[in-house]
Amino acid sequence: ELCEDDPTISVFFEKANLKRLKHHQFQLFKMLLHEDHDYQPRNLREIHRHLELEEYHFDAFMDHLRRALRERSKLPIPEIREFLSKVEMLRDQLLDMPGDEAYSDYLTEVVDRFYQLNTQDELIGHFFANIDLKKLKRHQNQFILMAMGKKTEYTGRTMASAHRHLNISHTHFDRLLDNLRQALNERKQFNKYFIDHFLSRVEKYRFVIVTHDE
């Protein structure tokens, strides 16, 4: 019910045979809870490949599963955590993660817009003066793919070494996030759930990039 009511993932259930789907889901969960169960699932990647699932789709599913377990399950909290960890291990089987080729077109537009906002920004524009923007954008594309959870090779310097000399403050970092959110919001491919999820990943780099206490 939670998945069907969530606009982020409800489309995957609109034409599905829910009775059959729930049956297989129940059998899969029983197998994960009791490793000696004789259920033999089909190849999960092949079953889900045509859906083009993304990390944020799986995250939404996990959020709803966690809520359903807490509200309806009689399992103790430690067993719920153990079960969820087993489901989490299916992530790589369910997601057919492409590299940057599948994302190059609109990522390039997002990055271009992001740096347009940054260079024109009175607060942080000076960080982007007299630097090789073409090279910076290429590294930013790779970083965004990496932060999205895509399989890509990041060839830039480490976040710490690339930003250590800039004396970036929390206020500067907040403005960077604001500009990145705006650039993403302007693209119809990204919904709010995905943007929030992605920015939460970028947020993890705050205390690597920020080196100046205000």
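Anything mentioned here points back to the structure above.
Keep in mind that what you see is a predicted model, and the values were worked out from it rather than measured. Sequence order as written defines the numbering, with residues in each chain counted from 1. Restriction of local features to residues with pLDDT of at least 70 applies here, the model being predicted, together with a cutoff of 80 or more for giving and counting side-chain atom pairs; totals for whole chains, interfaces and linings are based on all residues. In computing side-chain properties, one takes all heavy atoms of the structure into account and sets aside hydrogens as well as water.

**Student:** Any details on the overall build of the protein chain? Residues and values, ideally.
**Tutor:** A run of H or I in DSSP becomes a helix once it reaches four residues, and a run of E becomes a strand once it reaches two; helices and strands are each numbered from the N terminus. Helix and strand counts for the protein chain come out as 12 helices and zero strands. Going from N to C terminus, the protein chain has its helices and strands arranged as α-α-α-α-α-α-α-α-α-α-α-α. Buried residues in the protein chain amount to 40% of all 214 residues. The contact rule is simple, with two residues in contact once any of their heavy atoms fall within 4.5 Å. For the protein chain, the share of sequence-separated contacts (at least 6 apart) that also reach a separation of at least 24 residues comes to 73%. When a residue's accessible area, from a 1.4 Å probe over protein chains only, is under 20% of the maximum for its type it is buried; when over 50% it is exposed; and in between it is partly exposed.

**Student:** Report on the side chain of Asp6, specifying residues and quantitative values.
**Tutor:** Its place among the elements puts Asp6 in the loop between α1 (2-5) and α2 (18-33). Just so you know, the count uses Lys and Arg for positive and Asp and Glu for negative, and it drops His and the chain ends. Salt-bridge detection follows one rule: a side-chain nitrogen of Lys or Arg within 4 Å of a carboxyl oxygen of Asp or Glu. Nearest to the buried, unbridged Asp6 among oppositely charged side chains is Arg67, at 8.9 Å. A polar atom in the side chain of Asp6 sits 2.6 Å from the side chain of His64. Side-chain atoms alone can form a polar contact between residues adjacent in sequence; in general such a contact is a pair of N or O atoms within 3.5 Å, and within protein one must be able to donate a hydrogen while the other accepts it.

**Student:** Requested: an account of the pattern of salt bridges, with residues and values cited.
**Tutor:** Summed over all chains, the structure comprises nine salt bridges. Close ionic contact of Arg66 with Asp63 constitutes a salt bridge, the shortest N to O distance being 3.2 Å. Taken together, the residues span about one helical turn, with Arg66 and Asp63 both in helix α4 (residues 55-72) at a distance of three residues. Taking relative accessible area as the criterion, Asp63 reaches 37% and is therefore assigned partly exposed. When the shortest N-O distance is used, the salt bridge between Asp196 and Arg181 registers 2.9 Å.

None of the figures reported here should be taken as evidence of function without further support.
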